[in-house]
Amino acid sequence: MAELKRALGFWTTLSLAISSIMGTGLYFGMSIGSGYSGNASILAWVILSAIALVISFYFAELASAFPKAGGIYEFSKHAYGKFFSFMMGWTAWIVGNLTTSLLVVAAIDYLIPPSSAWLKLGIGILIIVILNLIAYLGVEVSAYLLVFFAFTSVSVLLAVILPGLFRIDTGNFSPFFAFGASSIVITMFFIIESFFGWESATYLSEETKEPEKTIPIAIIAGTLIVGILGILVTAVSLGIIPWRILSSSGAPLSNVSGIILGNFGMRMVNIGIFASLIGAAASGIITMPRLILALARDKLFIAQLSDIHEKLNTPYKAILFQAFVSLAVFVMALGKYKALLSLLLPLGLLMYTFVIIAVPILRRKEPRLPSLFRVPFAALTSAVLMAFFVIMIAVWVQQDAGSINSLKLGASLIFVGIPIYLLLNVYYNPDAIIRINDALAYLTLITEKIILPKKVRKEIIALLGDIKNRKLLEFGCSVGTLTMHLAEAVGPDGTVYATDLSRIELAIARKRLLKKGHTHVYVVHDEHQVNRVHPSIPHVDAIVSIGMMGYLQDVRKVLKEMRSLLPYGGKIVLMDYADFFKVIPNVAWLSSNMAIEKVFRDAGFSVFVTRKKGLFWNYIFVYGIKFHENVPYI
């Protein structure tokens with residue numbers, strides 16, 4: 001089985017940290033900040049940089065303790081448990097997608113005139129496709145890209161800062177406090193996105209050399225570099241252009257560079273800013289598939305997305321999936337920078353809050369957890385940081401009329417994860433399968449004609465052939481929809497063993513069978529049915545199963561146990577549902593007919609697989625025989 005390849009060293013990881021942490025605030029923040037707090041926005045940058053550095057210590061401690069590809073999801077898994085870790089992974093994925101779109105939108109807005117909507121759309125799509133292609137080709141190719149973009153980002157800012165320090169007019173800084181203290185807080189709220197991205201480097205833990213050392217140092221160093229650059233570029237901008245003028249600028253760094261470097265220099269800086277923002281977007285595009293990979297490994301996302309490319313050693317299916325999602329989000333977000341920023345910020349703060357809380361929780365739960373980095377006074381520091389986040393959001397809500405709508409939309413995006421988690425549990429969690437089947441037993445009875453139409457039932461009976469006076473195992477009888485037909489087909493001298501994992505469904509099935517006088521049907525409860533055939537089942541002539549293949553946790557084990565119950569030539573007929581509501585993906589091994597045939601052949605069955613269309617879903621029919629020697633087909 002292919003694995004991720006450890007190929008990243010410290011400088012590449014530092015480049016990733018700088019690119020991913022360096023958000024749009026370094027290029028637009030001085031305009032937004034001066035509009036809210038005037039010259040005091042410099043103070044906002046100083047305070048925020050110190051806070052960001054403290055937050056980087058939390059990521060350093062967690063990354064050192066859990067050097068695995070899941071990043072935030074991995075930390076949450078140990079601190080909070082399965083459901084909450086999924087919700088954290090889901091939130092991190094939403095935040096990552098919003099951040100990528102924000103960066104691409106900001107980059108295009110910086111370089112291309114507002115009237116060129118179709119040109120912006122086309123260039124944005126092309127950029128996302130190219131970046132995903134580079135991510136697909138391997139982590140080494142991505143590493144070169146990250147180093148280039150990080151170098152470009154720092155160089156562009158230094159090109160403005162170094163000559164700009166000698167052009168500052170100190171008179172522009174007076175008055176320094178043009179607004180109240182709350183103005184500094186709202187400024188910090190809108191520029192904190194400049195530091196969002198601490199988590200990106202943690203997603204590449206399994207592809208980094210000595211990740212428990214390399215990643216923490218890179219995150220701390222990257223945060224420090226971005227903080228210093230942010231303070232200096234803001235001070236230079238306000239020292240050259242008075243805050244009242246700067247606050248109305250849509251491209252503040254462009255205006256500043258024009259004064260310092262002239263028209264040609266301004267154009268070069270604009271191109272550099274475009275490249276820097278694209279580099280920050282590249283960091284998310286390269287790293288987010290690793291989050292998907294970690295979720296898929298734990299069966300908290302589509303299982304097929306955990307596959308690693310045999311030659312390129314990349315999570316190629318996760319990258320392809322992420323590419324389509326990134327394109328969709330970008331198309332919806334184009335031209336909506338401020339709205340996107342307002343949506344992203346509270347979601348990001350919520351996510352980072354639970355990362356911060358994870359440190360004191362884990363110290364209590366796992367006091368001997370090895371970590372090369374420790375947050376000083378973690379409990380007290382966590383409380384201070386949470387209070388700071390709450391104050392920022394409260395001030396934002398008070399001063400921004402559209403904040404409530406942004407919060408509602410953000411909450412709805414998070415809550416979408418709950419039904420997805422429940423659906424994944426139906427696929428992969430045996431206990432959840434039992435609970436859900438019990439809860440929906442009577443609904444299953446009422447809707448049985450839709451779930452298992454008569455036409456499908458007749459086809460299954462036909463595939464079994466002449467089963468009169470024979471012994472049958474119905475593996476997963478549910479409420480007895482097919483069992484009634486099987487009882488009639490085998491006749492009173494035949495026998496049907498009907499097993500299921502739901503007690504309530506079995507009670508319904510038993511009651512229906514008794515009402516019809518089918519005493520030759522034996523109903524057997526088996527709560528472990530997803531992993532076995534009940535040991536009390538004797539040898540039978542044929543086996544039939546409806547809707548159970550997708551639930552099986554150990555498919556090969558169950559099929560081998562089925563084979564041991566059948567004579568040579570004994571029939572097996574299994575039917576399952578696919579393409580549920582034509583949207584929900586299938587369980588991995590049911591995705592292709594060839595994969596299904598191989599699984600059955602390896603277990604000792606020669607089968608034929610066919611798919612048929614239904615109204616709300618499609619049907620997979622698997623039927624064949626137990627063979628003595630390797631029969632290639634039937």
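Structural data are supplied above this passage.
So, here is what we can say about the structure in this document. (Residues numbered from 1 in each chain as written. Predicted model: local features only at pLDDT ≥ 70, side-chain atom pairs only at ≥ 80, totals over all residues. Heavy atoms only, no water.)

### Focus: helix α23 (residues 555-565)
Here is step 1: Within α23, the full set of buried residues consists of V555, V558, L559, M562 and L565. Buried residues of α23 fall within an arc of 115° about the axis and therefore sit on the same side.
Here is step 2: Along its buried surface, α23 packs onto β1 (471-475), β4 (542-546), β5 (571-578), α24 (593-602) and β6 (605-613). (Buried < 20%, exposed > 50% of the residue type's maximum accessible area, 1.4 Å probe, protein only. Helix = DSSP H or I, 4+ residues; strand = E, 2+ residues; numbered from the N terminus. Arc of directions from axis to C-beta. Contact = heavy atoms within 4.5 Å.)

### Topic: the pattern of salt bridges
Here is step 1: In the structure shown here, the tally under the stated rule is 13 salt bridges.
Here is step 2: E61 is the partner of R363 in a salt bridge, and the nearest nitrogen-oxygen pair spans 2.8 Å. One end of the pair, R363, is in helix α13 (residues 337-365); the other, E61, is in helix α3 (residues 41-65), with 302 residues separating them in the sequence.
Here is step 3: E61 gets classed as buried once you look at its relative accessible area, which sits at 6%.
Here is step 4: K317 is paired through a salt bridge with D307; the nearest N and O atoms lie 2.7 Å apart. (Salt bridge = Lys/Arg side-chain N within 4 Å of Asp/Glu carboxyl O.)

### Here we look at the pairing of strand β2 (residues 495-500)
Here is step 1: Counting buried residues along β2, 6 of its 6 residues qualify, which places the element largely inside the surrounding structure.
Here is step 2: Side chains of β2 alternate between two faces, with T495, Y497 and T499 and V496, A498 and D500 buried alike.
Here is step 3: Examined bridge by bridge, β1 and β2 share 5 bridges and lie parallel to one another. Paired with L472 across the strands is V496, a residue of β2.
Here is step 4: Handedness of the β1-helix α21 (residues 483-490)-β2 crossover: right-handed.
Here is step 5: When β2 meets strand β3 (residues 521-525), the two strands line up parallel, connected through 5 bridges. By the bridge assignment for β3, A498 is matched with V523. (Pairing = 2+ DSSP bridges. Right-handed = clockwise from strand over helix to strand, strands pointing away.)

### Notes on the environment of S371
Here is step 1: Turning to its location among the elements, S371 is positioned in the loop between α13 and α14 (378-399).
Here is step 2: Judged by its relative accessible area of 21%, S371 is partly exposed.
Here is step 3: Spatially, the C-alpha atom of S371 lies 52 Å from that of Y442, the residues being 71 residues apart in sequence.
Here is step 4: Once residues lying within four places of it in the same chain are set aside, the contact partners of S371 are E61, S64 and A65.

### Observations regarding the packing of aromatic side chains
Here is step 1: Within the structure shown, the criterion is met by 30 aromatic pairs.
Here is step 2: Between F196 and Y352, the ring centres sit 5.1 Å apart and the planes meet at 65°, which makes this aromatic pair edge-to-face. Remark: Y352 occurs in helix α13 and F196 occurs in the loop between α8 (181-191) and α9 (211-240); sequence separation between them is 156 residues. Each member of the pair, F196 as well as Y352, carries the same accessibility label: buried.
Here is step 3: Members of the aromatic cluster, connected to one another through ring pairs, are F83, F86, W90, W93, F301, F321 and Y421.
Here is step 4: Here K612 stacks its cationic end above the ring of F621, 5.6 Å away from the centre of that ring.
Here is step 5: The ring of Y568 carries K626 above its face, with NZ or CZ at 4.8 Å from the centroid. (Phe/Tyr/Trp six-rings, centres within 6.5 Å; stacked < 30°, edge-to-face > 60°. Lys NZ or Arg CZ within 6 Å of the ring centre and 35° of its normal.)

### A short note on the sheet that holds β1
Here is step 1: The strand order across the open sheet formed by 7 strands is β3-β2-β1-β4-β5-β7-β6, and the pairing between neighbours is mixed. Single-partner strands in this sheet number two, and they are β3 and β6. When strand polarity is set aside, the average angle formed by the axes of neighbouring strands in this sheet is 15°.
Here is step 2: Where helix α22 (residues 503-516) meets the sheet, it contacts β2 and β3, and its direction lies at approximately 170° from that of β3.
Here is step 3: Running at roughly 150° to β6, α24 makes contact with β5, β6 and β7 (618-626) of the sheet. (Axes fitted to C-alpha atoms, helices over the stretch in contact; angles between N-to-C directions.)

### Here's the deal with the side chain of E74
Here is step 1: The residue E74 is located in helix α4 (residues 72-79) in this model.
Here is step 2: Contact partners of E74, with chain neighbours within four places excluded, come to F66 and K68.

### Section: unusual backbone geometry
Here is step 1: A cis geometry characterises the amide bond from S174 onward to P175, with omega recorded as -5°.
Here is step 2: For F377, which is not glycine, the phi dihedral falls at a positive 50°.
Here is step 3: If you trace the backbone, F377 turns up in the loop between α13 and α14.
Here is step 4: Positioned with a positive phi, N469 is a non-glycine residue whose angle comes to about 65°.
Here is step 5: As for its position among the elements, N469 is in the loop between α20 (454-464) and β1.

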